[in-house]
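Residues per chain, in single letters:
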Amino acid sequence: MEQTNIMEKIISLSKRRGFIFPGSEIYGGLANSWDYGPLGHLLKQNIKKAWWKFFVEERADMVPLDAAIIMNPKVWEASGHLQNFSDSLVECKNCHHRFRADHLLEAVGAEPKYDKEPPRTLSEVACPDCGGKLTEPKQFNLMFKTFLGTTEDSSTVAYLRPETAAGMFVNFKNIQQTTRRRLPFGIAQVGKNFRNEITPGNFIFRTREFEIGEFEYFIHPTGWEKIFEMWLGEIKRWWKEIMQINMDNLVWHELPDGERAHYSKRTVDIEYKYPFGVKELHGIAYRTDFDLSRHEKISGQDLHYADPETGEKFLPHVIEPTFGIDRMLLVSLLEAYHEEEAPTTEAGKTETRVVMKFPKHLAPIQVAVLPLSKKEELASVAKELAQNLRKDFWVDYDETQSIGKRYRRQDEIGTPYCVTVDFDSLNDKKVTVRDRDSMQQERVAMEEIKEYLQAKFK
Ligand code: GAP
């Protein structure tokens with residue numbers, strides 16, 4: 001399939017079928033803001049649930065957290081966000097459009113990273129929108145600023161969190177003491193984050209409001225290399241077994257010295273081959289004891305850990321795997337999208353069907369119940385069946401248009417199983433189950449349908 005228009009197809013399908021709508025659309029929208037509709041919400045919930053189960057619930061060494069979005073501004077002084085969380089911004093003197101300097105450099109094939117002085121190349125770049133001259137780059141802090149209470153002055157300034165990690169660091173002592181955990185253990189949370197990005201875009205790839213699932217895994221520094229490898233292995237398992245993507249679409253980018261943050265001893269960016277280029281999907285970093293030492297310094301609190309066996313007192317080090325939930329959802333849409341030739345009801349004829357081949361456990365709707373006709377005698381049986389199945393599955397009930405069209409509609413939203421109630425069902429008490437991917441149909445006794453479907457989702 002052509003890479004260039006697959007994004008357009010995904011965006012159009014998302015809107016048409018209720019996965020993702022442009023934000024505030026009836027007011028003309030709000031640039032780069034998106035609302036997750038019913039199916040998008042379900043898909044996102046399923047991805048978050050799977051992530052939580054895999055990385056938190058099923059492990060003995062993880063504990064959950066739900067920290068506040070607005071934190072004491074000193075947190076951001078300690079984390080370095082107040083001083084360093086900025087991008088280089090240039091503005092066109094003619095059309096006043098703003099751009100990230102590193103993106104402009106990347107576009108002309110120049111090295112986007114630079115320390116203090118912008119490279120000469122930047123002064124040779126013209127505005128990509130109108131060809132006008134660009135200003136000198138200036139630093140622009142990406143944190144969203146707000147004020148607490150009624151007075152707007154420097155004493156009431158606060159920020160919406162740009163990452164969830166800080167919540168885990170400032171609660172390290174509370175959590176370690178209340179759960180009496182021994183190292184190594186991790187603190188995980190999933191939640192919204194806010195960054196005033198200069199150049200959001202590519203649908204939900206880069207937005208100003210997005211969700212992150214991440215955890216801080218607290219360790220003794222000795223043997224960090226092995227623990228890092230263990231997490232890399234788990235991340236691979238996540239993509240292969242749970243998200244079930246084509247692993248050839250991932251790029252494991254080991255950041256060399258000089259490209260990593262100054263405190264990191266190892267960072268791997270997990271990149272994805274998006275239709276708009278190879279870009280970051282998520283990452284894992286060994287952050288040493290940088291965060292706890294900064295919070296110790298700024299808060300004046302002792303955040304050391306005393307090993308109950310050896311008596312050694314030390315500041316724990318941290319390995320941090322971080323996942324953008326919205327980017328994972330974008331990848332799941334891209335991986336699921338298929339167009340294929342399928343037979344029609346007319347003998348020998350085929351048509352193109354669009355089918356979202358989500359892994360079954362991630363599909364927003366799990367089962368569709370479809371009476372062959374709207375007639376009461378069939379509809380009443382089908383509605384009762386659907387209601388019974390709702391206790392165990394997310395069910396859609398659809399009785400409009402031909403059965404062929406209804407199958408196509410369910411294919412397009414990725415429903416793994418369609419259950420059709422027909423006139424024979426009234427006598428033989430059986431229904432037809434159609435598999436989304438193989439399109440094979442099977443007759444199953446109504447009283448066994450729940451167990452039959454449950455076995456399919458195991
Ligand atoms: N605590 C580490 C941290 O926040 P990050 O790489 O800045 O690391 C984590 O962000 C992840 O959040 C990224 O790997 C990406 O998946 C996602 N992400 C970052 N900025 C984003 C944005 N503007 N829109 C959507 N997702 C974003």
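Cut-off values and rules
For every chain, the first residue of the written sequence is number 1, and numbering continues from 1 onward in sequence order. Given that this is a predicted model, residues contribute local features only at a pLDDT of at least 70 and side-chain atom pairs are listed and counted only at 80 or more, while totals for whole chains, interfaces and linings are drawn from all residues. Side-chain measures here rest on the full set of heavy atoms in the structure, leaving out hydrogens and waters. Segment limits for the domains were obtained from an automatic or database-derived domain assignment. Two strands qualify as a pair provided that DSSP identifies no fewer than 2 bridges between them. Each helix corresponds to a stretch of at least 4 residues labelled H or I by DSSP, and each strand to a stretch of at least 2 residues labelled E; elements are numbered beginning at the N terminus. Axis angles are defined between N-to-C directions and span 0 to 180 degrees, where every axis is a line fitted to C-alpha atoms and, for a helix, only to the segment in contact. Any two residues whose heavy atoms approach within 4.5 Å are treated as being in contact. Any residue with a heavy atom lying within 4 Å of a molecule or strand is counted as near it. Polar contacts here mean pairs of N or O atoms no more than 3.5 Å apart (in protein, one a potential hydrogen donor and the other a potential acceptor; neighbouring residues in sequence count only if both atoms are side-chain atoms). Values of accessible area rely on a 1.4 Å probe in the Shrake-Rupley scheme; residue burial ignores everything except the protein chains shown. By the convention adopted, Pro, Cys, Tyr, Trp, Phe, Met, Ile, Leu, Val and Ala count as nonpolar, Lys, Arg, Asp and Glu as charged, and the other residues, Gly among them, as polar. Working definition: with a 1.4 Å probe on protein chains only, accessible area under 20% of the residue-type maximum means buried, over 50% means exposed, and in between means partly exposed. For this quantity, the arc is that covered by the directions from the helix axis to the C-beta atoms. Here is the rule: rings of Phe, Tyr and Trp (six-membered ring for Trp) pair when centre to centre is within 6.5 Å. Planes less than 30 degrees apart are stacked, more than 60 are edge-to-face, and the remainder are tilted. A ring has a charge above it when a Lys NZ or an Arg CZ is no more than 6 Å from the ring centre and no more than 35 degrees off the ring normal.

Novice: Could you give me a rundown of the domain arrangement of the chain, with the residues and numbers involved?
Specialist: Split by domain assignment, the chain resolves into domain 1 (6-85 + 142-332), domain 2 (87-138) and domain 3 (365-456). Once you take the C-alpha centre of each, domain 2 and domain 3 turn out to be 56 Å apart.

Novice: So what's going on with the sheet that holds strand β20 (residues 395-397)? Which residues, and what values?
Specialist: Judged by pairing direction, the sheet is mixed, and its five strands sit side by side in the order β20-β19-β21-β22-β23 without closing on themselves. Unpaired on one side and paired on the other, β20 and β23 (441-445) mark the two borders of the sheet. Within this sheet the neighbouring strands show an average axis-to-axis angle of 25°, counted without direction. Here strand β19 (residues 367-371) runs beside β20; their pairing, made up of three bridges, is parallel. Note on β20: the bridge partner recorded for alanine 368 is aspartate 396. Docked against the sheet, helix α12 (residues 376-389) engages β19, β20, β21 (417-421) and β22 (430-435), running at close to 165° with respect to β19. Running at roughly 170° to β19, helix α13 (residues 403-413) makes contact with β19, β20, β21, β22 and β23 of the sheet.

Novice: Lay out the site of the ligand with the relevant residues and their values.
Specialist: The ligand sits among 17 residues. The nearest are Glu163, Glu197, Thr207, Glu280 and Leu281. At a separation of 2.8 Å, a nitrogen atom of the ligand approaches a polar side-chain atom of glutamate 214. At a separation of 3.0 Å, a nitrogen atom of the ligand approaches a polar side-chain atom of glutamate 320. If the ligand stood free it would expose 540 Å²; the protein chains cover 88% of that surface. Of all the secondary structure elements, the ones that give two or more residues to the shell around the ligand are β10 (209-219), β13 (277-288) and β16 (317-324). Each residue belonging to the shell around the ligand can be placed in one class, and the counts come to five nonpolar, four polar and eight charged.

Novice: Can you break down the sheet that holds strand β4 (residues 86-91) residue by residue, with the values?
Specialist: Strands sit in the order β5-β4-β6 across an open sheet of three strands; the sheet is antiparallel. What marks the edges here is a single partner per strand, and that holds for β5 (98-100) and β6 (138-141). Direction aside, the axes of adjacent strands within the sheet are offset by 50° on average. Bridging between β4 and β5 involves three bridges; their strand directions are antiparallel. What sits directly across from leucine 89, in β5, is arginine 100.

Novice: Tell me about α13, residues and numbers included.
Specialist: Of all the positions in α13, only Arg406, Tyr407, Arg408, Gln410, Asp411, Glu412 and Ile413 are classed as buried. Once α13 ends, the next one or two residues include glycine 414, with phi positive near 85°.

Novice: Describe helix α8 (residues 172-179), listing the residues and the values that go with them.
Specialist: Inspection of α8 places Phe172, Ile175 and Gln176 among the buried residues, and these make up the whole buried set. Axial view of α8: buried residues confined to an arc of 95°, hence all on one face. Of the residues trailing α8, arginine 180 is marked for its positive phi of about 50°.

Novice: Break down the side chain of threonine 322 for me, citing the residues and quoting the values.
Specialist: Residue placement: threonine 322 occurs in strand β16. Assessed through its relative accessible area of 19%, threonine 322 is described here as buried. The contacts of threonine 322, once residues within four sequence positions are left out, are Ile212, Gly213, Glu214, His282 and Gly283.

Novice: Describe the environment of arginine 434, with residues and values.
Specialist: When you line up the elements, arginine 434 lands in strand β22. Discounting chain neighbours no more than four positions away, the residues touching arginine 434 are Arg353, Tyr407, Arg408, Asp411, Pro416, Tyr417, Cys418, Met439, Gln440 and Gln441. In terms of polar contacts, arginine 434 uses its side chain to reach the side chain of aspartate 411, at 3.0 Å.

Novice: I'd like a rundown of unusual backbone geometry, residues and numbers included.
Specialist: Here the residue pair leucine 183 and proline 184 is connected by a cis peptide bond, since its omega of 0° sits within 30 degrees of zero. If you trace the backbone, proline 184 turns up in the loop between α8 and β9 (185-194). Although it is not a glycine, asparagine 32 adopts a positive phi angle of roughly 60°. In this structure, asparagine 32 sits in the loop between β1 (20-22) and β2 (34-36). Given the relative accessible area of 27%, asparagine 32 is considered partly exposed. Look at histidine 96: it is not a glycine, yet its phi comes out positive at around 65°. Of note, histidine 96 is situated in the loop between β4 and β5. Note on histidine 96: relative accessible area 48%, which makes it partly exposed.

Novice: So what's going on with the packing of aromatic side chains? Residues and values would help.
Specialist: In total, this model carries 29 aromatic pairs according to the counting rule given. Relative to phenylalanine 203, the ring of tryptophan 34 has its centre 4.8 Å away and its plane inclined at 85°; by these criteria the two rings are edge-to-face. Taken together, the residues span a long stretch of sequence, with tryptophan 34 in strand β2 and phenylalanine 203 in the loop between β9 and β10 at a distance of 169 residues. Given a relative accessible area of 4%, phenylalanine 203 falls into the buried group. Judged by centre distance (4.9 Å) and plane angle (10°), the ring pair of tyrosine 274 and phenylalanine 276 falls under stacked. Using a relative accessible area of 4% as the deciding quantity, one classes tyrosine 274 as buried. Overall, the relative accessible area of 21% leaves phenylalanine 276 in the partly exposed class. Cluster of aromatic residues (ring-pair linked, three or more members): Trp51, Trp52, Phe54, Phe55, Phe215, Tyr217, Trp231, Trp238, Trp239 and Phe323. One Lys or Arg, lysine 236, reaches over the ring of tryptophan 252 and ends 4.9 Å from the middle of that ring. For the cation-ring pair, arginine 327 lies above phenylalanine 205, with the distance from its terminal atom to the ring centre recorded as 3.8 Å.

Novice: Can you explain the environment of isoleucine 245? Please cite residues and give values.
Specialist: Residue placement: isoleucine 245 occurs in the loop between α9 (224-242) and β11 (250-254). Looking at isoleucine 245, the relative accessible area reads 8%, which means it is buried. When the C-alpha atoms of isoleucine 245 and aspartate 396 are compared, they prove to be 26 Å apart, with 151 residues separating the residues in sequence. Dropping the residues within four chain positions of it, isoleucine 245 is found in contact with Trp239, Lys240, Leu250, Tyr272, Val331 and Glu335.

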